[in-house]
Amino acid sequence: MLDESLLDDPEALARADRRELLRGAAEAGARVRTAVRHATEAGIPELKPDGRPRAVMIAGPGLAATGVAELLGTIVGASCPLTRLTPTGVAPAAGALRWELPGWAGPMDLLLVATPDGIEPSLELLIEQAYRRGCTVAAVAPAHSPIAEAVDRAHGLFVPMATAPYEQDEPLAASAPGVLWALLTPLLSLLDRTGLVSAPPEVLQKVADRLDHVAERCGPAIATYSNPAKTLAADLAEALPVIWTEGTSAGPAGRRFTAALAELAGRPALTAELPEALAAHSVLLAGALAAGADPDDFFRDRVEEAQALHARVVLLRDRPIGGISAAPAARELALSHDTAVSELEPEEGGELETLAELIAITDFAAVYLALASAA
């Protein structure tokens, strides 16, 4: 059950936030600026690559690396193949995960390593394997970690991960708001130098400013009625989130929201991109999860019964390709099954800015849902 009164009690939220998740969400803009500084100190702005890589591979543990890889793949687009090297192993522990280079990897390819821990022995072996194959290697990980030493031995590029002092006390959640930007920002700077993306310092500054703006709108001191993140958390209190996305940036933002709801708030969610989502989830909305579904007697006493779980559509929208939108059909389908709809659409801006806004608002919403549900 969600304690909605907690959402408008900043002091109670602070007491409940033992993992400093709200602080991490509020500091996302600062994390981007710190990461840009680390990238500069590592020498990325002075790099003069000999053209673009043939392919980019990215490796790292869990949801953090998955999110980074998906966002980079979206931003890079069709200009270069980007492959996430999925780990194998018997457990999601640093010592149990295993990575292997694909057989085609060679001197024309770039290996990126992104890890918030930096202690995975198999990633060290992967870096050594890439060096022997002639691949260029770059990594973002905590300073003075084994990964940093492995990259140095491979004559690669290492950028220290932008961390905060309070994050040293316990392991980081892969979906924690600060982790994504600490890993993603230096890699954006690097790929900007290779010509695969457009992320010069001035663009990253705009991303940081947009994240600061969201933090002002969604902070714990802002009341629920004017706070889009708290409003979304309240909407999803007793619902199964069915996240529909439209636009290039919205897809990865929706999938990250799904991951954050699971890891931070312990909530299941479904996600799909429009217009395919209408076919994929139409039967779901027509079934027992529809808000109007109640095959039993309407007048029976429900006081002692647990509240039924019903779907709620969350429509995340960016600028649709060609200006053609499936949003009207999505609203019509949801409302025809008495399913409520929550909508988020970013303010105007560049692709990275709008992506940052969608991620930041949904990050705040996942955190508020986690804190109010645990109270």
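About the criteria used
- Residues numbered from 1 in each chain as written.
- Predicted model: local features only at pLDDT ≥ 70, side-chain atom pairs only at ≥ 80, totals over all residues.
- Heavy atoms only, no water.
- UniProt positions renumbered as here; feature names shortened; annotations may be inferred.
- Salt bridge = Lys/Arg side-chain N within 4 Å of Asp/Glu carboxyl O.
- Helix = DSSP H or I, 4+ residues; strand = E, 2+ residues; numbered from the N terminus.
- Buried < 20%, exposed > 50% of the residue type's maximum accessible area, 1.4 Å probe, protein only.
- Axes fitted to C-alpha atoms, helices over the stretch in contact; angles between N-to-C directions.
- Left-handed = near helix turned anticlockwise from the far one by under 90°.
- Contact = heavy atoms within 4.5 Å.
- Nonpolar A, V, L, I, M, F, W, Y, C, P; charged D, E, K, R; others polar.
- Pairing = 2+ DSSP bridges.
- Right-handed = clockwise from strand over helix to strand, strands pointing away.
- 1 Å grid on protein atoms, 1.4 Å probe; cavity = no way out; pocket = protein on both sides within 12 Å on 5 of 7 lines; lining within 4 Å.
- Points joined across faces, edges and corners; volume = space filled by probe spheres on them.
- Parallel < 35°, antiparallel > 145°, perpendicular 65-115°, else oblique.

In the nomenclature of an unreviewed UniProt entry, the protein corresponds to Mannose-6-phosphate isomerase from the organism Streptomyces dengpaensis. What the UniProt record of the protein gives under Sequence similarities (unreviewed entry) is the line "Belongs to the PGI/PMI family."

Novice: Looking at this model, I keep getting lost on the pattern of salt bridges. Mind explaining?
Specialist: Two side chains carrying opposite charge are able to pair once their charged atoms lie near each other. Applying the stated rule across the entire model yields 19 salt bridges. Lysine 230 is the salt-bridge partner of aspartate 8, the closest N and O atoms lying 3.8 Å from each other. Highlighted residues: aspartate 8 in the loop between α1 (4-7) and α2 (10-16) and lysine 230 in helix α10 (residues 228-235), separated in sequence by 222 residues. For lysine 230, a relative accessible area of 0% puts it in the buried group. As a salt-bridge pair, arginine 33 and aspartate 212 come within 2.7 Å of each other at their nearest N and O atoms. On the criterion of sequence distance, the pair formed by arginine 33 in helix α4 (residues 28-41) and aspartate 212 in helix α9 (residues 201-218) is long-range, its members being 179 residues apart. Owing to a relative accessible area of 29%, arginine 33 belongs among the partly exposed residues under this scheme. On the basis of relative accessibility, which here comes to 24%, the residue aspartate 212 falls in the partly exposed class. Taken together, the salt bridges that share partners define one network made up of Arg210, Arg217, Glu353 and Glu357.

Novice: Mind showing me how you'd approach the packing of α4 against helix α8 (residues 177-194) here?
Specialist: Between two packed helices, what matters for the description is the angle formed by their axes and the separation of those axes. In contact at an axis separation of 8 Å, α4 and α8 are set at 35 degrees when each is read in the N-to-C sense. Regarding α4 and α8, the two cross each other, and that crossing is right-handed. Here Ala28, Arg31, Val32, Ala35, Val36 and Ala39 of α4 come into contact with α8, specifically with Gly178, Trp181, Ala182, Thr185, Pro186 and Ser189. Looking at the contact of α4 with α8, its residues break down into eight nonpolar, three polar and one charged.

Novice: Help me understand the sheet that holds strand β9 (residues 341-344) in this model?
Specialist: Two pairing modes exist for strands in a sheet, parallel and antiparallel, and in both the strands are linked by backbone hydrogen bonds. In spatial order, the strands read β7-β6-β8-β9; together these four strands make up an open sheet with parallel pairing. Each edge of the open sheet carries a strand with a single partner, namely β7 (270-273) and β9. Between one strand axis and the next, the sheet turns through 20 degrees on average, direction left out of account. As paired elements, strand β6 (residues 239-246) and strand β8 (residues 310-317) share eight bridges and run parallel to each other. The residue bridging leucine 240 from the neighbouring strand is alanine 311, located in β8. Contacting β6, β7 and β8, helix α12 (residues 276-286) runs over the sheet at an angle of about 145 degrees to β7. Running at roughly 170 degrees to β8, helix α13 (residues 327-336) makes contact with β6, β8 and β9 of the sheet.

Novice: I tried to follow unusual backbone geometry on my own but got confused; where do I start?
Specialist: Phi is mostly negative for residues that are not glycine, and the peptide bonds are mostly trans. Across the junction of leucine 274 and proline 275, the peptide omega takes the value 5 degrees, indicating a cis bond. Inspection of the secondary structure assignment puts proline 275 in the loop between β7 and α12. Positive phi, close to 55 degrees, is recorded for histidine 155, a residue that is not glycine. Within the element layout of this structure, histidine 155 appears in the loop between α7 (146-153) and β5 (157-160). Of note in this structure, aspartate 338 is not a glycine but carries a positive phi near 55 degrees. Here aspartate 338 shows up in the loop between α13 and β9.

Novice: What is the right way to look at the pairing of strand β3 (residues 109-114) in this model?
Specialist: The two faces of a sheet get side chains in turn, since along a regular strand they alternate between them. In terms of burial, β3 is largely enclosed, as six of its six residues are buried. Judged by which residues are buried, β3 turns out to be covered on both faces: Asp109, Leu111 and Val113 on one side and Leu110, Leu112 and Ala114 on the other are all buried. With five bridges joining them, β3 and strand β4 (residues 136-141) adopt parallel strand pairing. Of the residues in β4, the one forming a bridge with leucine 111 is valine 137. Crossover connection from β3 via helix α6 (residues 121-133) to parallel β4: handedness right-handed.

Novice: In this structure, what is going on with the environment of alanine 39? I would like to understand it.
Specialist: Topologically, alanine 39 is positioned in helix α4. Separated by 16 residues in sequence, alanine 39 and alanine 55 have C-alpha atoms that sit 22 Å apart. Ignoring anything within four residues of it in the chain, the contact list for alanine 39 reads Ile44, Pro45, Val159, Pro186 and Ser189.

Novice: What should I look at first to understand empty space enclosed by the protein in this one?
Specialist: Where empty space is left becomes clear once a probe the size of a water molecule has been rolled over the atoms. Under the defined criterion, the tally for this structure stands at one cavity of 30 Å³ or more. Of the pockets and cavities examined, the largest cavity occupies roughly 30 Å³. Every residue along the wall of the largest cavity is listed here: Ile44, Ala138, Ala139, Val140, Leu157, Val159, Pro186, Leu187 and Leu190. Taken together, the elements giving at least two residues each to the lining of the largest cavity come down to β4, β5 and α8. For the lining of the largest cavity, a count of residues per class yields nine nonpolar, no polar and no charged.

Novice: Is there a simple way to explain the packing of α8 against α9 in this structure?
Specialist: The interhelical angle for the contact between α8 and α9, taken along N-to-C directions, is 160 degrees, at an axis separation of 11 Å. With respect to α9, the axis of α8 lies roughly antiparallel. Like other packed secondary-structure pairs, α8 and α9 cross with a definite hand, here right-handed. Here α8 contributes Trp181, Thr185, Leu188 and Ser189 to the contact with α9, which in turn contributes Leu204, Val207 and Leu211. Tallied by class, the residues present in the contact of α8 with α9 amount to five nonpolar, two polar and no charged.

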